[in-house]
Amino acid sequence: MNFNAGLAPFGVAVAYKEVLLTQVLLTKVLLSYHNLGYLSYGKLVTKHPRACPLGSYCPLATLNRSSGNCEPYNYQLPAGQLNHTCGGADMWSDVISSGAIFCSAGSYCPTSIEQTPCSSGNYCPMGSTSEKPCFKLASCDPNTASQNIHAYGAMLIAGLSTLLLIIYNCSDQVITIRERRLAKSREAAARSVREKVQARTRWKAAKDAAKKHAIELQSQVSRKFSRRKVGAENEKVRILNEEELGTDEDLYPTMDTSTSGASEQSYASSEGKTIEAGHLTRMMHEIEDHSDSFSSFAVDAKSSKSKAAKDKEIHTHSQIFKYAYSQLEKEKAQEQQNKNLTFSGVISMAANTETRKRPVIEIAFRDLTVTLKGKHKHLLRSVNGKIMPGRITAVMGPSGAGKTTFLSALAGKAVGCTINGLILVNGKTESIHSYKKIVGFVPQDDIVHGNLTVEENLWFSARCRLSADLPKPDKVLTVERVIESLGLQAVRSSLVGTVEKRGISGGQRKRVNVGLELVMEPSLLFLDEPTSGLDSSSSQLLLRAIRREALEGVNICMVVHQPSYTLFRMFDDLILLAKGGLTVYHGSVRKVEEYFTSLGINVPERVNPPDYFIDVLEGLVKPNTSSSLSHEELPIRWMLYNGYPVPPDMQHYSVAVTASPTYVQFGSHEYSAQITNEDQSFAGEMWQDVKCNMERRRDIIRHNFLRSKDLSNRRTPNVLLQYKYFLGRVGKQRLREARVQAIDYLILLLAGASLGSLSKASEEQFGMPGYTYSIIAVSLLCKIAALRSFSMEKLQHWRESASGMSSLAYFVSKDTMDHFNTAIKPVVYLSMYYFFNNPRSPFMDNYIVLLCLVYCVTGIAYVLAIFLDPGPSQLCSVILPVVLTLVATQARDNKVLKIISDFCYPKWALEAFVIGNAERYYGVWIITRCGTLRRFDYNLHDWILCIAILILTGIASRGIAFLGMLVFQRK
């Protein structure tokens, strides 16, 4: 067995993938001629130096007689054996231990004893067996180990930047042009409808004038006919009339436009007068009955039905807007007619079957009591009454009276509270959540999307919450009606605005907040202080819009804070609450002053009644009454006035209250928990708070996961349609945030250039240091950017999900739109890093690993954004990549850390990078490669496994984030 035969499998006859021997075998590979019959261990005497592996340079050594070493290998000849001479290399190991036998960088070794410098236009990494030609646009100097491919990086950067600029600018222009075209189409439709209305008005005025003139002419002829009948008839005049009688038929059709003919017919005969009178009567009937032949704008009931059916089949924007504006004009005309309706007109309105009727919802509450869990504090106590469809109920009271709590209890949004009593929906004990699709709730805060226009906010709410069976023209009509009624025509194409970017005014933003609920055509509408922060004119405009909804049968209940007297008179009913959630008055607004007058409380002149009542309930104003009535006794007086039971702990406020068995029984049963209120220890209070928080969390989970039956009879768009609507909205938002995303890409470019230049590819570790820094940098930057997807719109999502919109469609649409960044950001980073660092692994392998890494960290960022507040989530996004990367790279000697590192995504990303790069090292690099992979416990066959783990981590983190979105809601 000779040296050639022993080493042939390592470099000559077998490809590099076929020489993946076990790690134990490779560490024992030595060039020992003693075992082969030539040399003892540590010494080499051979006549066959060509047996070295591919990529090595191991010529015959030269004996240095002064030192006795065989240079350049530094081994010595055996003492006393004169027949031994210096041979080739004595040992093949990793590049650090036996770097002398590696073909030097900038040269290539076709054989193990021949080393040739690289020529110009080629490059030769360490251990090369042949020259590698440079790419067309790359530059390669003589004796270079790598090619200069910065030109490709510059081209990629330029192309990517141009593409992004085109996408962002053109997409923004597309949105702008599309909005401009829609605006032109809308304005043209509105102008056309206005012209038709004006023409119809002119025609009606002309028709009325013609009818009036015809009636006057007929009366004149009749008067003159009666005068001629009693007077003497002149023979000469009769002859003259007989001569003119033949021209009467030509004159009568023009009687409506000429007044001179009337004087010429003063001496007509009796037969002629009869014909004339009959002709005028027929002409008036023709004008009334056949007005369609004179004008195309007068439409009867039958033609309006056919026109409506035709308009519902059209799809162009111009036709849809014409249909919407024509219907709005008809509604305005109908409103004008309704002001002076007769009894027959009311009957015809009630019998009109074309008007869509909304389901009626009546809410009744009996002995409604809301208690804060854990603290046994009453927020509402013994509230009785009901709110009726078609009426506006105002809830008023001083601060701390439980107005918002009352509204939340009726709307089913009270969390962390115990609700006692009975709430009836249409006389049945059904959950209000069963009517969620037709119940609107306007929060006190203006929760709208600031990076969308007014029209886009309203249109999105209408598309997702109106019935899926409703045609698009009717949806457009609904949105246009709301915009018109709220006075938002002037700002419909303006962005709502955010804290950083100025948009519409505060009053307009408040009206948009209300309009989001009006466009879904609710049957029950709750509003929490909708007029707060508005001036008098804006408040009246808003109340008129709400009054219009009430006329359509909507049950409206709203919390109002100190309205003006004009607004106060626009309400139908009033619920006045005192501190502690006690009812002081519940009834008609017109009778509230009468009730308080019966108690001896008179409103002074020139004082707003609601302001005076609230001051009295606050105790700021003492009632101007001769009796000793205090504001604490007012709730007791209301209970006694209506026959409601009085809680026992409040009976001492009124001397008139007797110890009735009914009252005692009610109080002992209902308020026993509050009477036994003893001081607890610190540990007891802490345990009570923890228990309260757990119960609140349980209520939220039950509210989100336990679905109630749907009784709204409205089929809203399914998840796929809502996903389509959400995707379009998120796309518009991202295009309007192009500057922020451009900054993200710029930071990635700078990070790639810095890390690619500073961390040169280390041959002995296969680029591991540079890849480690890349994982930290890319993870940090991509997490920070991905936090914006959910952390900035938590309030908006909570409102939309509470109204019945699909959380799954919202989440998937956000994630889908983030896939664009997931695909682009690795290219942006590698366009600098790869062409500065120049690793041996191909660009596509690095891109695939980095793509999976960005997908993984984006999902983790979703979890941080949903579970944490913006501040802590950003801090965790910075610290987490550094800590996990340190654990993944320093866990070789500690078994516990090694187990933990298996759950760290940086370990699998780094392993995929190193394996993809190590596969390109062969021949003389085999021992170095196997030693490095063994030291870090990497397996050359696990590249696909690493990719799969990164993808599964991203999917699992997205699943956790979605569940957190359903569970973690606002307190």
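- If you check an unreviewed UniProt entry, the protein chain appears there as ABC transporter G family member 28-like isoform X3 from Coffea arabica.
- UniProt, in its Subcellular location (unreviewed entry) section for the protein chain, records the words "Membrane".

### A short note on a nonpolar patch on the surface
- A cluster of nonpolar side chains, contributed by Leu-875, Val-878, Ile-879 and Val-883, occupies part of the molecular surface with about 330 Å² of accessible area.
- With respect to the helices and strands, the residue Val-883 is situated in helix α30 (residues 870–889).

### Quick look at the pairing of strand β15 (residues 573–578)
- Summarising burial for β15: six of the six residues are buried, a large majority.
- Neither face of β15 is left uncovered, since the one carrying Asp-573, Ile-575 and Leu-577 and the one carrying Leu-574, Leu-576 and Ala-578 both have all their residues buried.
- The pairing of β15 with strand β16 (residues 582–588) spans six bridges and is antiparallel. Bridging across to β16, Leu-577 finds its partner in Thr-583.
- In textbook terms, the turn of a hairpin is the stretch between consecutive antiparallel strands, and for β15 and β16 this stretch comprises three residues, one of which, Gly-580, has a positive phi near 95°.

### Here's the deal with the UniProt feature "transmembrane region" (unreviewed entry) in the protein chain
- UniProt feature "transmembrane region" (unreviewed entry): in the numbering of this structure it lies at residues 771–790, 847–865 and 943–968.
- Helix makes up 95% of residues 771–790 and strand 0%, and the two end C-alpha atoms of the span are 29 Å apart.
- Taken as a whole, residues 943–968 contains 96% helix and 0% strand, while its terminal C-alpha atoms sit 37 Å from one another.

### Some thoughts on the packing of aromatic side chains
- Evaluated as defined, the whole model comprises 20 aromatic pairs.
- Ring centres of Tyr-771 and Tyr-833 lie 6.3 Å apart, and the angle between their planes is 50°; on these two criteria the pair is classed as tilted. Taken together, the positions of Tyr-771 in helix α25 (residues 768–786) and Tyr-833 in helix α28 (residues 807–837) put the pair 62 residues apart, joining distant regions of the chain. Exposure class is identical for Tyr-771 and Tyr-833. Each is buried.
- Relative to Phe-843, the ring of Tyr-834 lies with its centre 5.3 Å away and its plane at 90°, an arrangement referred to as edge-to-face.
- Owing to a relative accessible area of 10%, Tyr-834 belongs among the buried residues under this scheme.
- Residue classification places Phe-843 among the partly exposed positions, given a relative accessible area of 23%.
- Through a chain of ring-to-ring contacts, three or more aromatic side chains come together here, namely Phe-460, Phe-726, Phe-790, Tyr-810, Phe-811, Tyr-862 and Phe-962.
- The positively charged end of Lys-413 is found above the aromatic ring belonging to Phe-441, 5.2 Å away from the centroid.

### Quick look at the packing of α30 against helix α32 (residues 905–918)
- Interhelical geometry of α30 versus α32 gives an angle of 65° and a closest axis separation of 7 Å. Both α30 and α32 take part in a crossing whose hand is right-handed. Residues Pro-881, Leu-884, Thr-885, Ala-888 and Thr-889 of α30 form the contact with α32, whose own contacting residues are Tyr-905, Pro-906, Lys-907 and Leu-910.
- The residue inventory of the contact of α30 with α32, partitioned by class, reads six nonpolar, two polar and one charged.

### Structural notes on the environment of Tyr-834
- The topology assignment puts Tyr-834 in helix α28.
- Between the C-alpha atom of Tyr-834 and that of Gly-752, which follows or precedes it by 82 residues, the distance is 8.0 Å.

### Some remarks on empty space enclosed by the protein
- Per the counting criterion, the structure on display carries seven cavities of 30 Å³ or more.
- Size it by volume and the largest cavity reaches roughly 150 Å³.
- Forming the walls of the largest cavity are 15 residues, and the residues nearest its centre are Ser-461, Leu-516, Arg-799, Glu-800 and Met-805.
- For the lining of the largest cavity, the secondary-structure elements that each account for two or more residues are α12 (454–465), α14 (506–518) and α27 (794–802).
- The dominant element in the lining of the largest cavity, judged by the number of residues it contributes, is α12, at four residues.
- In terms of residue class, the lining of the largest cavity is made up of five nonpolar, five polar and five charged.
- A volume near 90 Å³ is recorded for the second largest cavity.
- Lining the second largest cavity, in full, are Phe-790, Glu-793, Lys-794, His-797, Trp-798, Tyr-810, Ile-866, Met-965 and Phe-968.
- When residues in the lining of the second largest cavity are grouped by element, the largest group, three residues, is from α27.
- Of the residues belonging to the lining of the second largest cavity, the class tally is six nonpolar, one polar and two charged.

Rules used in this analysis
Residues numbered from 1 in each chain as written. Predicted model: local features only at pLDDT ≥ 70, side-chain atom pairs only at ≥ 80, totals over all residues. Heavy atoms only, no water. UniProt positions renumbered as here; feature names shortened; annotations may be inferred. Patch = residues over 30% accessible without salt bridge, like charges linked within 9 Å, V, L, I, M, F, W, Y side chains within 5 Å. Areas by Shrake-Rupley, 256 points an atom, 1.4 Å probe, with all protein chains shown as cover. Salt bridge = Lys/Arg side-chain N within 4 Å of Asp/Glu carboxyl O. Helix = DSSP H or I, 4+ residues; strand = E, 2+ residues; numbered from the N terminus. Buried < 20%, exposed > 50% of the residue type's maximum accessible area, 1.4 Å probe, protein only. Pairing = 2+ DSSP bridges. Phe/Tyr/Trp six-rings, centres within 6.5 Å; stacked < 30°, edge-to-face > 60°. Lys NZ or Arg CZ within 6 Å of the ring centre and 35° of its normal. Axes fitted to C-alpha atoms, helices over the stretch in contact; angles between N-to-C directions. Left-handed = near helix turned anticlockwise from the far one by under 90°. Contact = heavy atoms within 4.5 Å. Nonpolar A, V, L, I, M, F, W, Y, C, P; charged D, E, K, R; others polar. 1 Å grid on protein atoms, 1.4 Å probe; cavity = no way out; pocket = protein on both sides within 12 Å on 5 of 7 lines; lining within 4 Å. Points joined across faces, edges and corners; volume = space filled by probe spheres on them.

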